[in-house]
Each structure stands twice: as C-alpha cells, then as structure tokens.
Amino acid sequence: MNLTHLDEKNHPKMVDVSQKDITQREACASGKIYMSKEAFEAIIENKAKKGPVLQTAITAAIMGAKQTSNLIPMCHPLMISKVQTHIEENKEECSFKLFATVKCEGKTGVEMESLTAVSIGLLTIYDMVKAIDKSMQITNIVLESKEGGKSGKYLRS
C-alpha cells in the first residue's frame, strides 16, 4: 500500500488533487466530554464564570472547521459551505456529545474539518469549566459519516 503523503524519496508531500472531480462533499463527526456533576450543572444552568459554555463551544467548533488546513499540515484549504453542530446532553452520565457536520463542493473531502470541529468544540468546553473540574475526559472522537468523492459513502455501523 502506497502512502499518499510521501513521495518516491519518502519525503512528506501534499497530495495533488488537481485531476480530481469537483463533487459535493459532506462529513459528520462526533465526540464526548465527561465531567463532574458540578461542572455539568454549571454548564446547564449557565453559571460558568467564563460565560455561555455550549454557545461558545459551537462557535469554536465552526472556527476549528475553518482553520483545519492551518492546523493539520497535509490538509488542503477548502471553501466550506456549511458547518452545522448539535450537542446532546446526558444528565445521567454528566456528559455532552458534540456533532459537527461540514459540507463543501470541492476536490477533497471534509472529514478532517468535521473531526477538527468536534475536537476544538470539546476542548473549548474543557477550557471554560476546567476551574470546576480538571478531571474531565474527552473521548470517542469519530467520523460518523461521509459522502462524496471517489470513495463514496461511509456510515459508521
């Protein structure tokens, strides 16, 4: 199996996508953050000292998707047409699950953008309530689905 980000001399390279077709690309990723009951309630009751945590995390997720090519060396800059987020609260386990869907019309996919959006959104939640709970755990950052391009559809089973 050839690695696409290495040239014939084993040097890193950015993949040439100039010959690829422009298609609709969409990817959805998710991840979870677990925390103490105190931190969870501070977020739900909007009593975190740094402000509205979930709204800020959503904004950070959108910014993260837009900055992916600046953070991940071999990612191509993309003209993103949509970033949509959704957060599920789970009171029983004191967790939040963040979903980020990213869409563009281009020659390469948006999986990395959706994964970056989730990562940055969850890190923002951590940052905003770390004074209450430094033991929070960010887990299960995964690609849920993708479509478009040569490899077609993928749906996590």
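The model shown is predicted, which means the values in this text are computed figures rather than measured ones.

Colleague: Just checking my understanding: could you explain the sheet that holds strand 1 (residues 23-34) for this structure?
Modeller: Backbone hydrogen bonds hold the strands of a sheet together, and the pairing may be parallel or antiparallel. Spatially, the five strands line up as an open sheet ordered 2-3-1-4-5, and their pairing is antiparallel. Edge positions in the sheet fall to strand 2 (80-90) and strand 5 (154-155), since each has one partner strand and no second. Relative to strand 4 (residues 137-147), strand 1 runs antiparallel, the two sharing eight bridges. Paired with glutamate 26 across the two strands is glutamate 147, which belongs to strand 4. Of the strands in this sheet, strand 2 and strand 3 (95-106) are in contact with helix 1 (residues 37-44), which crosses strand 3 at around 55 degrees. Where helix 2 (residues 53-66) meets the sheet, it contacts strand 2 and strand 3, and its direction lies at approximately 145 degrees from that of strand 2.

Colleague: Looking at this structure, I do not really get the pairing of strand 1. What am I missing?
Modeller: The two faces of a sheet get side chains in turn, since along a regular strand they alternate between them. Summarising the sheet, strand 1 and strand 3 pair through twelve bridges and their orientation is antiparallel. Counted as the bridge partner of alanine 29 is alanine 100 from strand 3.

Colleague: Looking at this model, I keep getting lost on the state of the cysteines. Mind explaining?
Modeller: By definition, a disulfide links the sulfur atoms of two cysteine residues through a covalent bond. Per the stated rule, a full pass over the model turns up zero disulfides. No disulfide involves cysteine 75; its nearest neighbouring cysteine sulfur is the one of cysteine 104, lying 12 Å away. Look at cysteine 104 and you get buried, because its relative accessible area is 1%.

Colleague: Sorry, what's going on with the pairing of strand 4 here?
Modeller: Relative to strand 5, strand 4 is paired through two bridges, and the arrangement is antiparallel. Each bridged residue has a counterpart across the sheet, and for lysine 146 the counterpart in strand 5 is tyrosine 154. The turn joining strand 4 and strand 5, which pair antiparallel and follow one another in sequence, is formed by six residues; a positive phi near 105 degrees is taken by glycine 148.

Cut-offs applied
- Residues numbered from 1 in each chain as written.
- Predicted model: local features only at pLDDT ≥ 70, side-chain atom pairs only at ≥ 80, totals over all residues.
- Heavy atoms only, no water.
- Pairing = 2+ DSSP bridges.
- Helix = DSSP H or I, 4+ residues; strand = E, 2+ residues; numbered from the N terminus.
- Contact = heavy atoms within 4.5 Å.
- Axes fitted to C-alpha atoms, helices over the stretch in contact; angles between N-to-C directions.
- Disulfide = S-S within 2.5 Å.
- Buried < 20%, exposed > 50% of the residue type's maximum accessible area, 1.4 Å probe, protein only.

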